[in-house]
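# Reading the structure
Below are the chains, spelled out letter by letter.
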Amino acid sequence: MGGMVTAAYLTKYFSRITIIESDNIQDDTLMKSTSSEILDYRCRLESPTSVGRSGVSQIYQTHVMEGEGHEILRELFPQLDNKLLNEYDIRNYSLKTELRFFVNGILLNQNLTKDIEWLGADRFTLETVLRKELCLQFENQIEWKCNSRVTQLIVDQSSNIVKGIKYRCKQTVGSPLFDMYGDFIIDCSGRNSSSTKWLKESLNLIVPTEQMHFGCGYVTFVGERLKTGNPKLDSIPVICSTVNAPDKNAGCYIVPMRTIKTSDENSLGTLAQISIHCVNSEFPPNDSYENLLEWIKENLDPDYYTILKSTKVYSPLIPYHRAIDDRKYVELLGKKWPQNYILLGDAMCTFNPQFGQGMTHACRQARELSKIFAENCHKLKDISHIFNSRASAISEECWLLSTTNDWKTPTLKIIKTDKNGQTKTYQRNGDFPATKDNQLRLPLLTKILQWYIGSFLKCASKSGQLSTDFLHVMNQQTSPFILFKPTILFTVCYTALMNCFNLSKK
Ligand SMILES: Cc1cc2nc3c(=O)[nH]c(=O)nc-3n(C[C@H](O)[C@H](O)[C@H](O)COP(=O)(O)OP(=O)(O)OC[C@H]3O[C@@H](n4cnc5c(N)ncnc54)[C@H](O)[C@@H]3O)c2cc1C
């Protein structure tokens, strides 16, 4: 995803761009398929490898494209929206009238002061259509090398420059390594990027990292929503609830992905992606829909049970258990970081998926890179350092939102590696006895943020304006600092104080 958006942006500044991709994504099965064939693959197949997408194993999990990410796609691919809406039966939803959203157990106020448009597309369709658009628009500038896996960097150690990469053809057993050189190399290889290993091997550079394991689990499927007998529930297409650890470690997303024409009077005319998710390793079952429904009855709000009991399941129940918060603090390395090489998107930082930040984070970093090139005053050799500093500010915003919540997980485990390569593991209620060294201490800033966000959400449940502000931040359309502007800070603190005072009087 991030790779395609970056390539599109950089066509302004580079005459030739090569995308090296380990999966066979230029295959006719994907590139020539019609709208209904894509839907059919999406629903029928049991694992991402079935359509040759083992490189993005989360592709069948519910993905929402946040407002700012959608805006970036619109800017780069002016025809994309038209195609999605007219050829793929996808539609935009109004978050003012068509959303019910519980965050940390609190229902946001539905009287939003401004509407936010939200694209109801699934990741598989979105990515396939985007790739077709990229090929159409930039056919002469962008070359694809598919089925090719990057395995090493080619560097000049004395001048600290990455000059190219080595790759191997995936289809041929024992394929030799090929060299490819470039003026600027961008690693968009996602959450399993080997960049830290490559940098250590080729430049003896250790990247400080932090990984937070919070026992994240997903089960996702496609379903047709049928009438429940409760017209109020049936009238809301987008229904989401984040987890509220440590009290409620399960959540659910019901988000539309296609409209369908049907003669069934009982149908609501939408196919939805439905994800049940958890933290703290309290995984929902995926062995049968009956067992999943039982689990939902015990662990989620009764409305979810009502909706899902009346849902016709169209696809296998696909689990995903590998999501973590994973940050590479590239900005801390300053000029030790090599020239002409950057990490972008998940390769630099991954987040708890429940806030749907990852694709938009990658798009924003790609836009930032394009801005740096557009400023026209930087030497190529400085760009990786400028990018690291600006891109990490984007990561920091998303990281704070994710990790503030993830710190509430009862069995949280954190693994940190410092600049010298020293790795330490910290765990709360872990398998090993807590020594002074591996005890988890909640950072003060996180503690304050947890309190502030909790108090803010209570105010937002009663205020259309605060709910609108919160949704704009979640959609990455405004900076999170807007939630701390003096008038809001005052309202939140005043309300929290009054609540405290009233409680103590009782
Ligand atoms: C369960 C789950 C739910 C999520 N939900 C959302 C959501 O609702 N909204 C959202 O915005 N984000 C969501 N995300 C995050 C989102 O999937 C990622 O943030 C996003 O895909 C990042 O894009 P990327 O381009 O950095 O990496 P990817 O999209 O992962 O792309 C990496 C590409 O690199 C290729 N590749 C990998 N290694 C190599 C190699 N060695 N050589 C050549 N090619 C290689 C892969 O085949 C792939 O095409 C979710 C993630 C998970 C796990």
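Residues numbered from 1 in each chain as written. Predicted model: local features only at pLDDT ≥ 70, side-chain atom pairs only at ≥ 80, totals over all residues. Heavy atoms only, no water.

## A few points about the pairing of strand β3 (residues 99–103)
Within β3, 5 of the 5 residues are buried, which leaves the element mostly enclosed by the surrounding structure. Along β3, one buried face is formed by Leu99, Phe101 and Val103 and the opposite face, lined by Arg100 and Phe102, is buried too. Pairing of β3 with strand β13 (residues 238–241) involves 4 bridges; the strand directions are parallel. If you follow Leu99 over to β13, its bridge partner there is Val238. By the bridge criterion, 2 bridges tie β3 to strand β4 (residues 106–107) in an arrangement that is antiparallel. If you follow Phe102 over to β4, its bridge partner there is Leu107. (Buried < 20%, exposed > 50% of the residue type's maximum accessible area, 1.4 Å probe, protein only. Helix = DSSP H or I, 4+ residues; strand = E, 2+ residues; numbered from the N terminus. Pairing = 2+ DSSP bridges.)

## Considering the site of the ligand
Near the ligand you find 32 residues, and of these Gly2, Glu21, His63, Val64 and Arg123 are the closest. Side-chain polar atom of Glu21 to an oxygen atom of the ligand: 2.5 Å apart, as the coordinates give it. Within the backbone of Gly356, one N or O atom sits 3.2 Å away from an oxygen atom of the ligand. Alone, the ligand offers 1000 Å² of accessible surface; in the complex the protein occludes 95% of this. At the level of elements, α1 (2–10), β7 (148–156) and α11 (358–374) are the ones that each hand at least two residues to the shell around the ligand. The residue makeup of the shell around the ligand, split by class, is 9 nonpolar, 16 polar and 7 charged. (Near = heavy atom within 4 Å. Polar contact = N/O pair within 3.5 Å; in protein donor to acceptor, adjacent residues only side chain to side chain. Areas by Shrake-Rupley, 256 points an atom, 1.4 Å probe, with all protein chains shown as cover. Nonpolar A, V, L, I, M, F, W, Y, C, P; charged D, E, K, R; others polar.)

## Details of the packing of α1 against α11
Here α1 crosses α11 at 20°, and the two axes come no closer than 9 Å. With respect to α11, the axis of α1 lies roughly parallel. Every pair of crossing elements has a handedness; the one defined by α1 and α11 is right-handed. Between α1 and α11, the contacting residues are Gly2, Val5, Thr6, Tyr9 and Leu10 on the first element and Ala362, Cys363, Ala366, Arg367, Leu369, Ser370 and Phe373 on the second. (Axes fitted to C-alpha atoms, helices over the stretch in contact; angles between N-to-C directions. Parallel < 35°, antiparallel > 145°, perpendicular 65-115°, else oblique. Left-handed = near helix turned anticlockwise from the far one by under 90°. Contact = heavy atoms within 4.5 Å.)

## Thoughts on the layout of surface pockets
For the second largest pocket, the calculated volume is near 450 Å³. Along its surface, the second largest pocket is lined by 23 residues, and Glu397, Leu400, Leu401, Pro480 and Phe484 are the ones closest to its centre. Mapped by element, the contributors of at least two residues to the lining of the second largest pocket are α12 (380–406), α13 (444–460) and α14 (464–474). Here the lining of the second largest pocket gets 7 residues from one element, more than from any other, and that element is α12. When grouped by side-chain class, the residues that make up the lining of the second largest pocket number 16 nonpolar, 4 polar and 3 charged. (1 Å grid on protein atoms, 1.4 Å probe; cavity = no way out; pocket = protein on both sides within 12 Å on 5 of 7 lines; lining within 4 Å. Points joined across faces, edges and corners; volume = space filled by probe spheres on them.)

## A short note on the pairing of β13
Here β13 shows a buried face lined by Val238 and Cys240 and a second buried face lined by Ile239 and Ser241. Sheet topology places β13 next to strand β14 (residues 250–259); 3 bridges connect them, and they run antiparallel. Residue Ile239 lies in a different strand from β14, and its bridge partner there is Ile254.

## Here we look at the domain arrangement of the protein
Partitioning the protein into domains gives domain 1 (2–89 + 120–144) and domain 2 (217–320). The centre of domain 1, based on its C-alpha atoms, is set 26 Å off from the matching centre of domain 2. Listed by partner, the interface residues are 22 residues for domain 1 and 19 residues for domain 2. Between domain 1 and domain 2 lies a buried interface of about 1700 Å² when both sides are counted; carbon and sulfur atoms form 53% of it. Our enumeration of links across domain 1 and domain 2 arrives at 0 salt bridges. (Domains from an automatic or database assignment. Buried area = accessible area lost by both parts, 1.4 Å probe. Salt bridge = Lys/Arg side-chain N within 4 Å of Asp/Glu carboxyl O.)

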